[in-house]
Amino acid sequence: MSFGVTAFVFDRKAACMASQNTTSNNASSVDGQGREGFSSRLGFLLISAGCAIGLGNIWRFPYITGEYGGAAFVLLILFFLVVLGVPLLVMEFAMGRASYRSLARSYEALEPQGSKWHRFKWLGLVGCYLLMMFYTVVCGWTIAYFVKAAMGTFDGTEDVTMVFGSMLGNPMELTGWMLLVAVIGFGVCAMGVQKGVERITKVMMAALFVIMALLCVHSLTLEGGQAGLEFYLLPNFDNLFN
């Protein structure tokens, strides 16, 4: 999740620069304007995964899947992912590869002369800022929970709601955690694409995959794990309407 902050601070420049370097493994690769690019395909793929994997995938998706039909809901998600998500992904990569510019300047570089397509850049920029506002705050909560858990603040599950409510009622504490996340994000970006964003992303995404794998294995050992697996993998479209 902290990578999400880094990605959006970068104003999506990373994705645009990545598109030109997917065929090169040169560690010192730069674009035509001398800007640094990714050193490998792996870095590009993990950066892309880091941009795509967020709170919705890890926190919201499981219980929404449980509420709306299990495997049948997953099939619908996959359908719309292919129909809507893949074309948008290809379009964004194509714009980056064709323009070698950031989100805003790519419209100006690619639009036909005299057209007004560059006006749409503001929608993308506003979206980045809105996401930044959201992710810095929620990442601040995450770091706060990590620190509080390490300090033994949570004696039981019943304390979670109380601690969270107390934190929400303390604007100074919330601002402090948010600023810490912003400083970390800017610090990573200041280190550059390869030594900063790419290198740290490789570690963080690998750690995320390992943690998710461990959680998946652990969930199967819990009571009702087998029934939950069947609900998740065996479609029953009647569940969509119940």
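Before reading on, note that the structure itself is shown above.
In this report, we go over the structure that sits alongside the text. This structure is a prediction, so every number in the text was calculated from the model and none was measured.

## Points about the overall build of the chain
For step 1, the next point in the chain: Along the chain, the regular secondary structure elements total 11 helices and zero strands.
For step 2, the next point in the chain: When its helices and strands are written in sequence order, the chain yields α-α-α-α-α-α-α-α-α-α-α.
For step 3, the next point in the chain: Out of the 242 residues in the chain, the part that is buried amounts to 32%.
For step 4, the next point in the chain: Contacts in the chain between residues far apart in sequence, at least 24 positions, make up 64% of those at least 6 positions apart.
For step 5, the next point in the chain: Of the roughly 15,100 Å² of accessible surface on the chain, 69% is carried by carbon and sulfur atoms.

## Regarding the packing of aromatic side chains
For step 1, the next point in the chain: Inspection of the entire model under this criterion finds eight aromatic pairs.
For step 2, the next point in the chain: Measuring from centroid to centroid gives 5.1 Å for Trp-141 and Phe-164, while their planes differ by 85 degrees, and the two rings are edge-to-face. Pair noted here: Trp-141 is in helix H7 (residues 121-150) and Phe-164 is in helix H8 (residues 158-168), with a separation of 23 residues, a long-range link.
For step 3, the next point in the chain: Given the relative accessible area of 26%, Trp-141 is considered partly exposed.
For step 4, the next point in the chain: Seen in terms of ring centroids, Tyr-145 and Phe-164 are 6.4 Å apart; in terms of plane orientation they differ by 70 degrees. Their pairing is edge-to-face. Taken together, the positions of Tyr-145 in helix H7 and Phe-164 in helix H8 put the pair 19 residues apart, joining distant regions of the chain.
For step 5, the next point in the chain: Since its relative accessible area comes to 26%, Tyr-145 is described here as partly exposed.
For step 6, the next point in the chain: An aromatic cluster of at least three residues, connected via ring pairs, comprises Phe-61, Tyr-68 and Phe-73.

## Some words on H7
For step 1, the next point in the chain: With 30 residues, H7 should cover 44 Å at 1.5 Å per step; its first-to-last C-alpha distance of 43 Å lies within 8% of that length.
For step 2, the next point in the chain: Turning to H7, its buried residues are Lys-121, Leu-125, Cys-128, Met-132, Tyr-135, Thr-136, Val-138, Cys-139, Gly-140, Ile-143, Ala-144 and Lys-148.
For step 3, the next point in the chain: Phi turns positive one or two residues past the end of H7, at Gly-152, with a value near 80 degrees.

## Considerations on a nonpolar patch on the surface
For step 1, the next point in the chain: Residues Leu-76, Phe-79, Phe-80, Val-82, Val-83, Leu-84, Val-86 and Val-90 make up a contiguous nonpolar surface patch of about 720 Å² in total accessible area.
For step 2, the next point in the chain: Among the secondary structure elements, Val-86 is positioned in helix H5 (residues 71-99).

## Focus: the environment of Thr-136
For step 1, the next point in the chain: Tracing the chain through its elements places Thr-136 in helix H7.
For step 2, the next point in the chain: You can call Thr-136 buried: its relative accessible area is 5%.
For step 3, the next point in the chain: On a C-alpha basis, the gap between Thr-136 and Leu-179 in space is 7.8 Å, while along the polypeptide they are 43 residues apart.
For step 4, the next point in the chain: A polar side-chain atom of Thr-136 sits 2.8 Å from the main-chain carbonyl oxygen of Met-132.
For step 5, the next point in the chain: A distance of 3.2 Å separates a polar atom in the side chain of Thr-136 from the backbone oxygen of Met-133.

## Topic: the packing of H5 against helix H6 (residues 103-110)
For step 1, the next point in the chain: Axis separation between H5 and H6 bottoms out at 9 Å; the angle between their running directions is 70 degrees. In this view, H5 runs roughly perpendicular relative to H6, as classed from their interaxial angle. Where H5 crosses over H6, the handedness of that crossing is left-handed. Touching Met-95, Ala-98 and Ser-99 of H5 are Ser-106, Tyr-107, Ala-109 and Leu-110, all from H6.

Procedures and definitions
Residues numbered from 1 in each chain as written. Predicted model: local features only at pLDDT ≥ 70, side-chain atom pairs only at ≥ 80, totals over all residues. Heavy atoms only, no water. Helix = DSSP H or I, 4+ residues; strand = E, 2+ residues; numbered from the N terminus. Buried < 20%, exposed > 50% of the residue type's maximum accessible area, 1.4 Å probe, protein only. Contact = heavy atoms within 4.5 Å. Areas by Shrake-Rupley, 256 points an atom, 1.4 Å probe, with all protein chains shown as cover. Phe/Tyr/Trp six-rings, centres within 6.5 Å; stacked < 30°, edge-to-face > 60°. Expected span 1.5 Å × (residues − 1). Patch = residues over 30% accessible without salt bridge, like charges linked within 9 Å, V, L, I, M, F, W, Y side chains within 5 Å. Salt bridge = Lys/Arg side-chain N within 4 Å of Asp/Glu carboxyl O. Polar contact = N/O pair within 3.5 Å; in protein donor to acceptor, adjacent residues only side chain to side chain. Axes fitted to C-alpha atoms, helices over the stretch in contact; angles between N-to-C directions. Parallel < 35°, antiparallel > 145°, perpendicular 65-115°, else oblique. Left-handed = near helix turned anticlockwise from the far one by under 90°.

Read these as layout, nothing more, since geometry by itself doesn't imply function.
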